[in-house]
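Each chain, written out:
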Amino acid sequence: MSNIFRLRIIVLAISIACLCQIPMVCSQQPGATAKKYSVRNLYAPSKNPDRIILTWSDDPATTQTVNWRTDSSVEQGYAEISEATDGPHFVRDLTRISSKIDELESSVGKSKYHHATFRDLKPSTKYVFRVGDGKNWSEFSQFTTASKTTEPFSFVYFGDAQNDIKSHWSRVVRESFKDAPRAKFFLHAGDLVNSANSEIEWGEWFYAAGWINRTIPSIATPGNHEYERGSLSRNWQPTFEFPKNGIASDIPRSRFEQKFIQVLSQKIANYFYDYEMKENVQPEVLGRTN
C-alpha cells in the first residue's frame, strides 16, 4: 500500500470522527456549561459604600439626607458636600460630616447602614456630594434642593416593583428617569420587594435604580410585602431615613408626613395593621395641604 493511499485513509478517518462529534456539540443547550455567580457575593457589603440613596428627614429646601451601606469593618462613615461648580474646583470647599450607623446581620453577612443629613443648605441650589470612610469613597453625585416658593414641579410615582426586580423593574425606573430627568423626587407606594427580608431582592432593587437614587431623592412607604409575620422588614429602617412626625408608632420611619412646597405625601404603614387609625387621621393630615 503506497504512503499516499495510507495518508488518504488516515485523513478520511479523522474527518469522519470529527463529523460524528458535531451533533453532540450542537445538541448542548446554550450556556449549559456556565456557572451562576454567587448571589451572596454579588450583593454582599464591602468597604466600598453601596446602596446609596437620597431621602429626606427634614425640609427639602434646606436639608438633604443620604443613606448608604458598608461592611462591618468600617468604623465610621462620612459624607462630604459642596456647592456644585462647572469644574472640579468644588473639592477645595468640601464640608465633611459624620454618619450615624445602624447595624444589620443578614444572609450576606454583617452590614453597617449609614445616614447623614446635610443642613443649612440654600434653596434651589445644586450641590455635589460623596460618601465613604475617609479612604474608600463613592463617586461625586449631584442633587438640587427644593424651592422655598411655590413653583411647578414633577415627580415620579411607582407602584409595586416587587417581582423580577432586576430583570424587569430596572426597565421601568430607567425609562422613568429618561422621561423625567428633572423630577424632584421618586414616590414609591409600597411593595418594593416581594419578600420583606430578602437580601437578594433588596440588592436587585438598588441595582435596578443604580446611580439614579444618588441624584433624585426617594420617598417610600412600606406595603404588605415589606412585612413578614407582622414585622416590618429588617432592611427598612436602616435603608431609609424619613421624618419622625407622623402617627404615633413603635415602627420609626414607616409613618410620616413629608411636605414638598404645596404637596404633602402622607406615608401610612401596612393597611392591615392601621386601617382604623388611617381612616381617622388621614382627613386631618390631608386637610393641611390646602
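Keep in mind the model is a prediction, meaning the values are calculated, not measured. (Residues numbered from 1 in each chain as written. Predicted model: local features only at pLDDT ≥ 70, side-chain atom pairs only at ≥ 80, totals over all residues. Heavy atoms only, no water.)

(A) Spotlight on the packing of aromatic side chains. By the definition in use, this model includes 18 aromatic pairs. Aromatic side chains tryptophan 56 and phenylalanine 185 sit 6.0 Å apart centroid to centroid with 75° between the ring planes, which places their arrangement in the edge-to-face category. Pair noted here: tryptophan 56 is in the loop between strand E1 (50-55) and strand E2 (64-71) and phenylalanine 185 is in the loop between helix H3 (165-179) and strand E10 (186-188), with a separation of 129 residues, a long-range link. Residue tryptophan 56 is classed as buried on the basis of its relative accessible area, which comes to 3%. The interplanar angle of 80° and the centroid separation of 5.1 Å between the aromatic rings of phenylalanine 158 and phenylalanine 186 together place this pair among those described as edge-to-face. Taken as a pair, phenylalanine 158 in strand E9 (residues 156-158) and phenylalanine 186 in strand E10 lie far apart in primary sequence, 28 residues in all. One exposure class covers both phenylalanine 158 and phenylalanine 186, and it is buried. Taken together, the aromatic side chains of Phe158, Trp169, Phe186, Trp202, Trp205, Phe206, Trp236, Phe240 and Phe242 make up a single cluster linked through ring pairs. Of note, arginine 96 hangs over the ring of tyrosine 78, and the distance from its end group to the ring centre comes to 5.0 Å. (Phe/Tyr/Trp six-rings, centres within 6.5 Å; stacked < 30°, edge-to-face > 60°. Helix = DSSP H or I, 4+ residues; strand = E, 2+ residues; numbered from the N terminus. Buried < 20%, exposed > 50% of the residue type's maximum accessible area, 1.4 Å probe, protein only. Lys NZ or Arg CZ within 6 Å of the ring centre and 35° of its normal.)

(B) Layout of the environment of histidine 225. For histidine 225, the position within the fold is in the loop between strand E11 (218-220) and strand E12 (227-228). C-alpha of histidine 225 to C-alpha of glycine 190: the two residues are 35 residues apart in sequence and 7.8 Å apart in space. One polar contact links histidine 225 to glutamine 162, side chain to side chain, over a distance of 3.1 Å. (Polar contact = N/O pair within 3.5 Å; in protein donor to acceptor, adjacent residues only side chain to side chain.)

(C) Representation of unusual backbone geometry in the model. Positive phi, close to 50°, is recorded for aspartate 164, a residue that is not glycine. Position of aspartate 164 relative to the elements: it lies in the loop between E9 and H3. In this structure, arginine 229 is a non-glycine residue whose phi angle is positive, near 55°. Classification of arginine 229 by relative accessible area gives exposed; the value is 85%.

(D) Examining the sheet that holds strand E4 (residues 95-98) more closely. Taking strand neighbours across the sheet as the criterion, the four strands line up as E4-E3-E7-E8 in an open arrangement whose pairing is antiparallel. Each end of this open sheet is capped by a strand with a single partner; those strands are E4 and strand E8 (141-144). Recorded for the sheet is a direction-independent mean angle of 30° between the axes of neighbouring strands. With six bridges connecting them, strand E3 (residues 78-83) and strand E7 (residues 126-132) associate as antiparallel partners. Bridging from a neighbouring strand, isoleucine 81 pairs with phenylalanine 129 of E7. (Pairing = 2+ DSSP bridges. Axes fitted to C-alpha atoms, helices over the stretch in contact; angles between N-to-C directions.)

(E) Looking closely at the sheet that holds E10. Read across the open sheet, the three strands follow the order E9-E10-E11; overall the sheet is parallel. Among the strands making up the open sheet, the edge pair consists of E9 and E11. For this sheet the average axis-to-axis angle between neighbouring strands, irrespective of direction, equals 20°. Relative to E10, E9 runs parallel, the two sharing three bridges. Along E10, the bridge assignment pairs valine 156 with phenylalanine 186. Packed on one face of the sheet, H3 meets E9 and E10 and runs near 165° to E9. (Contact = heavy atoms within 4.5 Å.)

(F) Fine view of the packing of H3 against helix H4 (residues 199-209). Relative orientation of the contacting elements H3 and H4 amounts to 35°, with a least axis distance of 8 Å. With respect to the hand of their crossing, H3 and H4 are arranged in right-handed fashion. Contact residues: Ile165, Lys166, Trp169, Ser170, Val173 and Arg174 in H3; Glu201, Glu204, Trp205, Tyr207, Ala208 and Ala209 in H4. (Left-handed = near helix turned anticlockwise from the far one by under 90°.)

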